[in-house]
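Examination of the molecular architecture
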Amino acid sequence: MQNLNKRDVVAMREARYRRRMDIRVTTQEQARDFVNDVGFCFLFPIQSVEMPSLWDAIAGRVVPTSSSHSGYEIDRTWGWKDESLDKKWWYYGKLIRGKATLISLDFLPNFYALSDNYGDYENDYLEDYRAGKLSSEAKAIYEALLRQGALHAVQLRREARLSADSAKSRYDRALTELQKGLKVLPIGIAQAGAWRYAFIYELLPRWLPEIPEKARTIGLGQARRAILDQYMRNVIASTPQKAARVFGWSLAEMRKVAQALADEGRLLLDVKVKGTQEMQMITGKVKRP
């Protein structure tokens, strides 16, 4: 791509992210279409991480998030997320960078293929624990769900023996650990606890059994290529270093995947984008606004 400049990249991102008032997301159906289109996104934008978010798509522009925000942006973003949990519209959980992430169910097997899960969810977690890949708190939470089925957060903390105030941070870290490992996900809201609001959690392979089945046929290289290809279609331009940090891949692995996509004509490497200092990777499916 010749004569590409930073303003071009920003304009193309605004269109992909629906960060324009004329194409913003205004209905739940459009929200589902948006997630299916981008493949995966954050619920809320994450500082210093380039990726679309449902919040931006609903706002139709850049609107800073805050705990005191009120308006249609927060009502729809948070409300539609809550309403979606038991409907299997998409995957929702703390996955990419340990932050709230939405992923199209059609695309989710690619992420699952990169996980340490092998299909036998009743026993695989023990291998992870023995190998030091799973904390004792995460093991306790997983086993509580395995024994009892879906539980809301108050029940789950009690069953996992993590209900003491002193255990809350360990519980939160373990729950994020399990979500990043695609072992557990929230599937609903219960009127429980002091705020009468608690996530209901379940084992991912029990809630979405088709995901592990589909992931079986996807190799690691294929999964990484699909993820990077979709990511680059969304962000338009990035450096290997920045893309590697998003997914927690090594730089060597990122360069290997990028080269494979370049060989297939789906990515352009070492492109100079006017207004930036570093050489960029550019999606091979770039379309000027």
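Residues numbered from 1 in each chain as written. Predicted model: local features only at pLDDT ≥ 70, side-chain atom pairs only at ≥ 80, totals over all residues. Heavy atoms only, no water.

It is worth spelling out the pairing of strand β5 (residues 184–190) at this point. Of all 7 residues that make up β5, 6 are buried, and the element is covered over most of its length. Note that β5 and strand β6 (residues 198–203) share 6 bridges and pair antiparallel. Within β6, the residue paired with Leu-185 across the bridge is Glu-202. (Buried < 20%, exposed > 50% of the residue type's maximum accessible area, 1.4 Å probe, protein only. Helix = DSSP H or I, 4+ residues; strand = E, 2+ residues; numbered from the N terminus. Pairing = 2+ DSSP bridges.)

Let us now look at the pairing of β6. Along a regular strand, successive side chains alternate from one face of the sheet to the other. Within β6, 5 of the 6 residues are buried, which leaves it mostly tucked inside the rest of the structure. Pairing analysis gives 2 bridges linking strand β4 (residues 151–152) to β6, with the strands arranged antiparallel. Residue pairing in the sheet places Leu-151 in a bridge with Tyr-201 of β6.

A full pass over the atoms with the stated rule returns 13 aromatic pairs. Judged by centre distance (5.2 Å) and plane angle (85°), the ring pair of Phe-40 and Phe-111 falls under edge-to-face. Of the two residues, Phe-40 is situated in strand β1 (residues 40–42) and Phe-111 in helix α5 (residues 108–113); the sequence distance between them amounts to 71 residues. Of the two residues, Phe-40 and Phe-111, neither departs from the other in class, the shared state being buried. Aromatic ring contacts, followed pair by pair, group Phe-40, Phe-107, Phe-111, Tyr-231, Phe-247 and Trp-249 into a single cluster. Its guanidinium or amino end placed over the ring of Trp-78, Lys-81 lies 3.5 Å from that ring's centre, counting from NZ or CZ. (Phe/Tyr/Trp six-rings, centres within 6.5 Å; stacked < 30°, edge-to-face > 60°. Lys NZ or Arg CZ within 6 Å of the ring centre and 35° of its normal.)

The 3 strands are arranged β4-β6-β5 in an open sheet whose pairing can be described as antiparallel. Whereas interior strands pair on both sides, the edge strands pair on one side only; in this sheet they are β4 and β5. Across the sheet, helix α7 (residues 136–148) lies against β4, β5 and β6, angled at about 80° from β6, the strand it touches most. (Contact = heavy atoms within 4.5 Å. Axes fitted to C-alpha atoms, helices over the stretch in contact; angles between N-to-C directions.)

By themselves these figures say nothing about function.
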